[in-house]
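Geometric and topological summary
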Amino acid sequence: MATAEHLDYAEEAESAERAEAWPQALALWQRAIATCPVEQPAYAAGVGRCQRQIDVNAELASIARRVLQVPTLDARNSDRLDFHEVSVWELLKGLRLAYRAGQSSR
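Here, residues in each chain are numbered from 1, in the same order as that chain's written sequence. Whole-chain, interface and lining totals are the exception, using all residues; otherwise, since this is a predicted model, local features are given only for residues with pLDDT of at least 70 and side-chain atom pairs are given and counted only at 80 or more. Note that water and hydrogens are dropped before the side-chain values are worked out from all heavy atoms of the structure.

**Considering the pattern of salt bridges**
One side chain can pair with another of opposite charge once the charged atoms of both are near each other. The test is simple: Put simply, a salt bridge is a Lys or Arg side-chain nitrogen that is within 4 Å of an Asp or Glu carboxyl oxygen. A run of H or I in DSSP becomes a helix once it reaches four residues, and a run of E becomes a strand once it reaches two; helices and strands are each numbered from the N terminus. Here the term buried applies to any residue with accessible area under 20% of the maximum for its type, exposed to any over 50%, and partly exposed to those in between, with areas from a 1.4 Å probe on protein chains only.
One pass over the full model with this rule turns up 1 salt bridge. The shortest N-O distance in the salt bridge between arginine 49 and glutamate 17 comes to 2.9 Å. Of this pair, arginine 49 sits in helix α3 (residues 41-66) while glutamate 17 sits in helix α1 (residues 5-18); the two residues are 32 residues apart in sequence, bridging distant segments of the chain. A relative accessible area of 33% places arginine 49 in the partly exposed class.

Right under this line is the structure:
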């Protein structure tokens with residue numbers, strides 16, 4: 001898979017993006033870049049998309065921890081761990097912070 005290896009990585013990266021598996025997609029785009037003999041702007045764009053999504057998820061997780069007292073946004077497949085009681089005023093505060101974060105990132 002010497003010269004076409006980058007195409008396989010790019011295809012897997014696109015699949016990972018569709019599944020919203022951002023860290024995996026990022027790693028695959030980076031491998032595609034590393035194995036490609038010529039520069040591919042689409043690969044660099046893929047890295048940028050994934051990094052932005054990773055940053056957004058990190059900011060949302062931070063808001064969830066700080067404001068909503070939700071330790072993680074990862075599904076743990078347990079009602080006791082995945083469902084949280086949150087007051088409407090804390091939810092509003094968290095949503096406002098997320099909105100402001102989105103506005104400032106433009």
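Resuming the write-up.
**Considering the nonpolar core**
Formally: To form a nonpolar core, buried Ala, Val, Leu, Ile, Met, Phe, Trp, Tyr and Cys residues must be joined to one another through side-chain atoms within 4.5 Å. Residue contacts are counted whenever heavy atoms from the two residues lie within 4.5 Å of one another.
Counting residues in each nonpolar core, the largest one holds 13 residues, and the members touching the most others are Leu28, Trp29, Tyr43 and Cys50. Residues within four places of leucine 28 in sequence aside, it is in contact with Tyr9, Glu12, Ala13 and Ala16.

**So, the side chain of histidine 6**
Among the structural elements, histidine 6 can be located in helix α1. Classification of histidine 6 by relative accessible area gives buried; the value is 9%. Apart from the residues within four sequence positions on either side, histidine 6 is in contact with Ala32, Thr35, Cys36, Pro37 and Tyr43.

**A short note on unusual backbone geometry**
For glutamate 20, which is not a glycine, the phi torsion comes out positive at approximately 55°. Mapped onto the fold, glutamate 20 is located in the loop between α1 and α2 (22-35). The phi torsion at asparagine 77 lies on the positive side, around 55°, for a residue other than glycine. Here asparagine 77 lies in the loop between α3 and α4 (79-82). Exposure remark for asparagine 77: the relative accessible area of 74% places this residue in the exposed category.

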